[in-house]
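Remarks on the overall topology
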Amino acid sequence: MAIAVVLVLLVIGSLIFHFASPWWFTPIASNWATMDDTVVLTFWVTGIVFIAVNLFLAWVVWKYRHRKGQKAAYEPERKKLEWGLTVVTSVGVAAMLAPGLVVWHKFVDVPEDAAIVEAVGQQWHWSFRFPGKDGELGHSDASLVSPDNPFGLDADDPKGADDVLVASPELHLPVGKPVKLLLRSKDVLHNFTVTQFRVKMDLVPGMVTHMWLTPTVPGSYEILCEELCGVGHFAMRGRVVVDEPGEFETWLAAKPTFGQARALAAADPAAGAAQFAVCTACHGANGEGNPALNAPRLAGQPAWYVARQIHHFRDGIRGAHEGDVYGAQMRAFAAMLPDDAAIRNVAAYVESLPGGAHPPTVTGNAARGERLYATCANCHGAAGEGIWALNAPRLAQMSDWYMARQLENFRHGVRGAQAGDYYGWQMAAMADSLKDERSVNDVISYINTLAPEPVRTARKD
């Protein structure tokens, strides 16, 4: 009897939880309301079955409970009941599957006037590409990916010259216009999902998959990877900003094309040396750093990372937090570089500076730090050499006191919380695994033991 009561209470509690629960779909921001309709229909079908089965089971438990002197009757078959259950089950399954097939038909039938956008996934980063005036994307190949050609575009394909490159994880789309997303992965299986759009699709290495939608509500929406793709899977985030058409066109016009990127003059380390002169007052003539002036070592860092950090200082992504006193100082110096060419020249010169060992200033348990560093190695490399493909800078032989400070900044939201700092946000999420100052010091102590390695341009699997 108690079991029958429990089953009835289970049904009542489930109904209350479903209808009174504050958890439901996020507000929809695309044309795919039919996705919600199919899910709601599934809830109704499975909910009715859940209620019927459990109430029937409760009735059976009560009706046929053990009573002294009664004997159970054995009935091996009842064809009428079996046919009834078969028909009801078939109708229920068809009610769930048939609408899904209709929606899937619409999903694969892309409107002819849909704009084309390519979304490229990699561990743990999103980037995007728009076709130029010719309306066609140029050929790409993973074997062509390099620091100077992160999209892996074929320079011999004239269709790619006017392709617009968006190296940031932030994608803008115009409201009210259908868009077809071509999905490409550089490395492993990923999944492109924007919850408010309701549609998602896997990115399969070696294939180009696709999905389409029409954004309907201007706003900013988070991009998620919903396929386990490695230790940084949870931090593989991006953003879709749905703009009014005019705002979108302005944003797109500010992005470089592949042809423009290739036409840029090669970075000139000699010119960068002259512009680096002002930096030597703090960072040293050879970029060796100066703890007394809170200036970290620069020598040994790759040009792509140095250039990105200078841009972040200039754009207020770094050094804007009230607690980042030294970052604020760096913003003023970064503003002295007049343009992108100057930044690239300085970065190239810094990359040319000789690295080398430095006396450690942080003490900790290196053996324990080695265990903690296992997570860091997935991005920064087993020898702390840095992996550009994962947007991870070199750690080996860098200023240990500076790394310790930055880890604390990441842990306490001083760094990585600013809008646009996607990689800083990822690092803040990782740094949060170091629960105290002791753990930070242990990791840094282990990094101090790492032997120098050349900066890698590809990940070894």
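Scope of this entry: the structure provided in the associated data block. (Residues numbered from 1 in each chain as written. Predicted model: local features only at pLDDT ≥ 70, side-chain atom pairs only at ≥ 80, totals over all residues. Heavy atoms only, no water.)

Further remarks concern a nonpolar patch on the surface. Nonpolar side chains collect at one region of the surface, where Met1, Val5, Val8, Leu9, Ile12, Ile16, Leu55, Phe56, Trp59, Trp62 and Tyr64 lie side by side and expose about 1100 Å² of accessible area between them. A total of five residues in the nonpolar patch trace back to one element, the largest contributor, which is helix α1 (residues 2-20). Assignment of secondary structure puts Phe56 in helix α2 (residues 33-63). For Phe56, a relative accessible area of 51% corresponds to the exposed category. (Patch = residues over 30% accessible without salt bridge, like charges linked within 9 Å, V, L, I, M, F, W, Y side chains within 5 Å. Areas by Shrake-Rupley, 256 points an atom, 1.4 Å probe, with all protein chains shown as cover. Salt bridge = Lys/Arg side-chain N within 4 Å of Asp/Glu carboxyl O. Helix = DSSP H or I, 4+ residues; strand = E, 2+ residues; numbered from the N terminus. Buried < 20%, exposed > 50% of the residue type's maximum accessible area, 1.4 Å probe, protein only.)

The biggest cluster of nonpolar side chains holds 44 residues, and the ones touching the most others in it are Phe130, Phe192, Phe197, Met211 and Val240. Grouped together as the second largest cluster of nonpolar side chains are 18 residues, Tyr373, Met398, Val443 and Ile444 included. (Core = buried A, V, L, I, M, F, W, Y, C linked by side-chain atoms within 4.5 Å.)

This paragraph deals with the packing of aromatic side chains. Applying the stated criterion across every chain, the model contains 17 aromatic pairs. Summarising the aromatic geometry, the rings of Phe130 and Phe248 are spaced 5.9 Å apart at their centres and angled 50 degrees between planes, so their arrangement reads as tilted. Of this pair, Phe130 sits in strand β2 (residues 125-130) while Phe248 sits in helix α4 (residues 245-253), placing them 118 residues apart in sequence. Measuring from centroid to centroid gives 5.4 Å for Phe276 and Tyr349, while their planes differ by 55 degrees, and the two rings are tilted. Here Tyr349 lies in helix α10 (residues 340-352) and Phe276 lies in the loop between α6 (269-275) and α7 (277-283), a separation of 73 residues in the sequence. Take Phe276 and Tyr349: they sit in the same class, and that class is buried. (Phe/Tyr/Trp six-rings, centres within 6.5 Å; stacked < 30°, edge-to-face > 60°.)

The next point concerns the packing of α2 against helix α3 (residues 79-108). Where α2 meets α3, the axes come as close as 9 Å, and the angle between the chain directions of the two elements is 170 degrees. With respect to each other, α2 and α3 are oriented roughly antiparallel. Contacts between α2 and α3 involve Thr34, Met35, Thr38, Leu41, Thr42, Val45 and Thr46 on the former and, on the latter, Gly92, Ala95, Met96, Pro99, Gly100, Val103, Lys106 and Phe107. Residue composition of the contact of α2 with α3, by class: eight nonpolar, six polar and one charged. (Axes fitted to C-alpha atoms, helices over the stretch in contact; angles between N-to-C directions. Parallel < 35°, antiparallel > 145°, perpendicular 65-115°, else oblique. Contact = heavy atoms within 4.5 Å. Nonpolar A, V, L, I, M, F, W, Y, C, P; charged D, E, K, R; others polar.)

Attention now moves to the side chain of His233. By the secondary structure assignment, His233 is in the loop between β9 (219-225) and β10 (238-243). In this structure His233 comes out as buried when scored by relative accessible area, which is 18%. Not counting chain neighbours up to four residues away, the residues in contact with His233 comprise Trp124, Cys225, Glu226, Glu227 and Leu228.

Taken in spatial order, the five strands of this open sheet run β3-β2-β1-β5-β8, and their pairing is mixed. At either margin of the open sheet sits one strand with a lone partner, and together these are β3 (164-166) and β8 (208-213). Taking the axes of each pair of neighbouring strands and ignoring which way they run, one obtains an average angle of 25 degrees across the sheet. (Pairing = 2+ DSSP bridges.)

Attention shifts here to the sheet that holds β10. Pairing is mixed in the open sheet, where five strands are placed in the order β4-β10-β9-β6-β7. In the strand order of this sheet, the two ends are held by β4 (170-174) and β7 (200-203), each with one partner. Strand after strand, the sheet turns through a mean of 25 degrees between neighbouring axes, direction not considered. With five bridges connecting them, β4 and β10 associate as parallel partners. Pairing of Leu173 across the sheet is with Val242, part of β10. Contacts from α4 reach β4 and β10 within the one sheet, and its direction differs from that of β4 by about 140 degrees.

Glancing now at the pattern of salt bridges. Inspection of every chain in the model, using the stated rule, returns 10 salt bridges. Between Arg368 and Asp442 there is a salt bridge, and its shortest N-O distance comes to 2.7 Å. Residue Arg368 is found in helix α11 (residues 366-380), and its partner Asp442 is found in helix α14 (residues 437-447); the two are separated by 74 residues along the sequence. The exposure class of Arg368 is buried, given its relative accessible area of 18%. Each member of the salt-bridge network shares a partner with another, and the members are Glu118, Arg129, Asp163 and Arg184.

Don't take any of this as a statement about function, it's just geometry.
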